[in-house]
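Observations on the model geometry
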Amino acid sequence: MPREKYARQSLGAAHRLVKESRVLLVGAGGIGCELLKNLVLTGFGEIHIIDLDTIDLSNLNRQFLFRQEHIKKPKALVAKEVAKKFNPNVKLVAYHANIKDKQFNLEWFSGFNLVFNALDNMDARRHVNKMCLAVDIPLIESGTTGFKGQVQVIKKGKTACYDCTPKTTPISYPVCTIRSTPSQPIHCIVWAKSYLLPELFGVSEDEAAEVDQTEDSDNAAEIEKLRQEAQALKKIRESMGSDNFAKDVFDKVFKEDIKRLANMEDMWKEKTPPKPLSYEALEQEAASLDASVLKKAQQTWSTAENFIVFKDSLARLSSRQAEEQTKAAKEGGPPPLISFDKDDDDTMDFVAAAGNLRSIIFGIEPKSKFDIKQMAGNIIPAIATTNAMVAGLCVMQAFKVLRGDYAKAKWLWLWNGALRTDKLEDPNPECPVCSVAMARIHVDLEKATLKDLVEDILRAKLGYGEEITVMSDAGVVYDPDLEDNLEKKLSELNISDASFILVKDEEDDDPRVDLQLAIEAKKLTDEAKIVELVEREGHTITIPRKPRKSPVEDGDKATGDDADDLIVSNDKPVPVSNGKRKRPLDGDEEDDPTPAKKLLQGPTNAEVAKSSSMHAIVLDEDDGTILIADDD
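Residues numbered from 1 in each chain as written. Predicted model: local features only at pLDDT ≥ 70, side-chain atom pairs only at ≥ 80, totals over all residues. Heavy atoms only, no water.

Taking an unreviewed UniProt entry as the reference, the chain is identified by name as Ubiquitin-activating enzyme E1-like belonging to Exophiala spinifera. As recorded by UniProt, the Sequence similarities (unreviewed entry) comment attached to the chain reads in full: "Belongs to the ubiquitin-activating E1 family." What UniProt states about the chain under its Subunit (unreviewed entry) heading is, verbatim, "Heterodimer." (UniProt positions renumbered as here; feature names shortened; annotations may be inferred.)

Right under this line is the structure:
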């Protein structure tokens, strides 16, 4: 029986589109393994897989393409070799690389019919979203969180893109809480991860994103004290490799600093003061224990066991730092830095032990290394069955995308095993990524100057006037009052292949919408040209004008029942008009809205309408409390 018999019967005419397709899979982790298996067995003609990571022991429970013998090998390369056995007729190409590398430029992206995102970080997702929009290639975005998951089809001009809705920002913790008054395990873990580890082996703690550096009076004083402590640690850092290094570090952070805090009596009037630890006492207690504690990842270590892991991991990190310093000195490279990685046993053991010792000092319950790994890495455990279901839904949506049938494509949600659907949203006219006009230009980076770009492309080809602002990732490079850069080469302004330039029309009367120019480094066939606008044959690029806003008289402003209320949730503000949905969900979900949508949007519009005195509903992330703000 031919391998493709059932696929052909199921897909009909679409089977040819599948077989002739050339698709890109970004990510070979939990979803990526399942998705690659589905794509191969379905018969997609050519599949390119890219992933930066290597295989870790913790991956094996849910990334079924990998086995024990694959640990430390590149995910993409192993996934290709294993998946090839499922269907030798499919062409597989693997890259052990970062999707943001310059080699994966716009021209490379434009060679695919479809892109699948199976990523685990927001920055890479946004990059792929931007690249697909720039070359007008459909993208299927997916993700899972425990038993929850979603699949979203993204197509330029037809659907909302990944950045059309604001995403939740990472939680930060005030410096005063981290440094002086921790009350939860996460506070001690962040202290170990974002303060102690960087001060000893990396960059200064005050560059860490997880610590809130708002310069109010209290916080500013705490930051200054933190800097003074950092200076003391730097002196200790200079003794790294000596016999007293572990004791010096321990005594500094777990004894001297704690004694100083405990002596601030006003701080502990209503709290139990912290109790410093003794290096000598713990060393004596740990003498009867062995290093087997390192294997007890799912057990909560005792104080002596945490002491053993702290000393052992500190020794490993010190030895590693010394080796890298020697190597850097020989090769003339920058000083080595060790940063936290949840899959790096050395840094993970250090953060777990140091965080637990600090918890014990402040009377906080310590956690197992397994739990700390999830907290320090901001991880919600992945569920293999959820990954499998989401991967299957991605392929089902891919059939519609290949047929160009976006009207039938859905936004799919998995919620604790239940599948819900919603119509794909229209592009957000205020989206900073997809609401702008887009164009591509070929540039000879060895010769092209900013003046060539402004005069030959923006003014001569696209018709811009004098009042424009040109911005790169580094900031403004040109406006009518900043002409110093015109004679500089684009390369001197850090504008390179795969860079994006934002052009703003500053004309007061009838300005154009913002333009995003994608730079592609290329030697032009016409030697007289240095920059060239990429246009499809028979199509002229025009930049639309911004829509005019109708003036609203003061007396016409909406008030009371006519005004739109606002739901403020963890994710985004959602306008509400007269307590009615803008669009009902599929089926009978008007009365039982999709749980996943409720998570993103907060309460239903009908719930908001029930209280005429309500301005906003806020979901408290700490304990799930719903806070209602009244007019009063």
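The next point concerns the nonpolar core. Counting residues in hydrophobic clusters, the biggest one holds 51 residues, and the most contacted among them are Trp191, Leu196, Leu200, Phe250, Phe254, Phe310 and Leu314. Where this core is concerned, the elements lending two or more residues are α8 (185-201), α9 (217-237), α10 (245-262), α11 (279-286), α12 (303-331), α13 (345-361) and α14 (369-376). Counting residues per element, this core draws most heavily on α8, which supplies 11 residues. In contact with Phe254, other than residues within four places in its own chain, are Trp191, Pro276, Leu277, Phe310, Ala354, Leu357, Arg358 and Ile361. Cys33, Leu65, Ala391 and Leu402 belong to the second-largest nonpolar core, a separate cluster that totals 48 residues. (Core = buried A, V, L, I, M, F, W, Y, C linked by side-chain atoms within 4.5 Å. Buried < 20%, exposed > 50% of the residue type's maximum accessible area, 1.4 Å probe, protein only. Helix = DSSP H or I, 4+ residues; strand = E, 2+ residues; numbered from the N terminus. Contact = heavy atoms within 4.5 Å.)

This paragraph deals with the pattern of salt bridges. Two side chains of opposite charge can pair, provided their charged atoms sit close to one another. By the definition in use, this model includes 36 salt bridges. Between Arg22 and Glu46 there is a salt bridge; the shortest N-O distance is 3.0 Å. Here Arg22, found in strand β1 (residues 22-26), pairs with Glu46, found in strand β2 (residues 46-51); they are 24 residues apart in sequence, far enough to count as distant. (Salt bridge = Lys/Arg side-chain N within 4 Å of Asp/Glu carboxyl O.)

This part takes up α8. Between its first and last C-alpha atoms α8 spans 23 Å; for 17 residues at 1.5 Å apiece the expected length is 24 Å, and the two agree. Along α8, the sharpest kink reaches roughly 30 degrees, centred on Ala192. Counting buried residues along α8, 17 of its 17 residues qualify, which places the element largely inside the surrounding structure. (Expected span 1.5 Å × (residues − 1). Bend = angle between axes of the 7 residues up to and from the residue.)

Turning to the UniProt feature "active site" (unreviewed entry) in the chain, a few remarks are in order. The UniProt feature table records "active site" (unreviewed entry) at Cys176. With respect to the element layout, Cys176 can be found in helix α7 (residues 175-179). A relative accessible area of 27% means that Cys176 is categorised as partly exposed.

Pairing in this open sheet of 6 strands is mixed, and the strands run β13-β12-β14-β15-β11-β16 from one edge to the other. The open sheet has two edge strands with one neighbour each: β13 (475-478) and β16 (531-533). Each strand axis lies, on average, 35 degrees off the axis of its neighbour in the sheet, ignoring direction. In this sheet, β16 lies alongside strand β11 (residues 437-443) in antiparallel orientation, the contact comprising 3 bridges. The residue of β16 that forms the bridge with Val443 is Val531. (Pairing = 2+ DSSP bridges. Axes fitted to C-alpha atoms, helices over the stretch in contact; angles between N-to-C directions.)

Let's shift gears to the sheet that holds β2. Pairing is mixed in the open sheet, where 8 strands are placed in the order β3-β2-β1-β4-β5-β6-β9-β10. Only two strands of the sheet have a single partner each, and these edge strands are β3 (91-96) and β10 (418-423). With strand direction ignored, the average angle separating the axes of adjacent strands in the sheet is 15 degrees. With 5 bridges connecting them, β1 and β2 associate as parallel partners. Each residue of the ladder has a partner; that of Arg22, found in β2, is Glu46. Contacts from helix α4 (residues 75-84) reach β2 and β3, with the element oriented near 165 degrees to β3.

The side chains of a regular strand alternate, residue by residue, between the two faces of the sheet. Buried residues dominate strand β6 (residues 148-154), accounting for 5 of its 7 residues. Relative to β6, strand β5 (residues 139-145) runs antiparallel, the two being bridged by 7 bridges. Counterpart to Ser142 in the pairing with β6 is Val151. Taking the residues between adjacent antiparallel strands as the criterion, β5 and β6 are bridged by 2 residues, where Gly146 takes a positive phi near 60 degrees.

This part covers a negative patch on the surface. On the surface, Glu467, Asp481, Glu483, Asp484, Glu506, Glu507 and Asp508 cluster together to form a negatively charged patch. Topologically, Glu483 is positioned in the loop between β13 and β14 (500-505). Residue Glu483 is classed as partly exposed on the basis of its relative accessible area, which comes to 46%. (Patch = residues over 30% accessible without salt bridge, like charges linked within 9 Å, V, L, I, M, F, W, Y side chains within 5 Å. Areas by Shrake-Rupley, 256 points an atom, 1.4 Å probe, with all protein chains shown as cover. Lys, Arg positive; Asp, Glu negative; His and termini not counted. Charge placed at Lys NZ, Arg CZ, Asp CG, Glu CD.)

Note on placement: Leu393 falls in helix α15 (residues 384-403). For Leu393 and Leu412, which are 19 residues apart along the polypeptide, the C-alpha to C-alpha distance reads 7.8 Å.

The next point concerns α14. Of all the residues in α14, the buried ones are Lys369, Ile372, Lys373, Gln374 and Ala376. Against α8 and α13 lie the buried residues of α14. Trailing α14 by a residue or two, Asn378 shows a phi angle of about 50 degrees, which is positive.

Put simply, α12 and α13 touch, their axes get as near as 8 Å, and they point 140 degrees apart. The angle between α12 and α13 places the two elements in the oblique class. Crossing of α12 against α13: the hand is left-handed. Seen from α12, the contacting residues are Thr303, Asn306, Phe307, Val309, Phe310, Ser313, Leu314, Arg316, Leu317 and Arg320; seen from α13, they are Asp345, Asp346, Thr347, Asp349, Phe350, Ala352, Ala353, Ala354, Asn356, Leu357 and Ile360. Here the residues of the contact of α12 with α13 are counted per class, giving 11 nonpolar, 5 polar and 5 charged. (Parallel < 35°, antiparallel > 145°, perpendicular 65-115°, else oblique. Left-handed = near helix turned anticlockwise from the far one by under 90°. Nonpolar A, V, L, I, M, F, W, Y, C, P; charged D, E, K, R; others polar.)

The positions UniProt marks with the feature "binding site: Zn(2+)" (unreviewed entry) are Cys161, Cys164, Cys431 and Cys434. Considering the C-alpha atoms alone, the annotated residues occupy 274 residues of sequence yet fold into one spot, their largest mutual distance being 8.5 Å. Within the element layout of this structure, Cys164 appears in the loop between β6 and β7 (173-174). What makes Cys164 buried here is its relative accessible area of 6%. Apart from residues lying up to four places away in sequence, Cys164 is in contact with Pro427, Asn428, Cys431 and Cys434.

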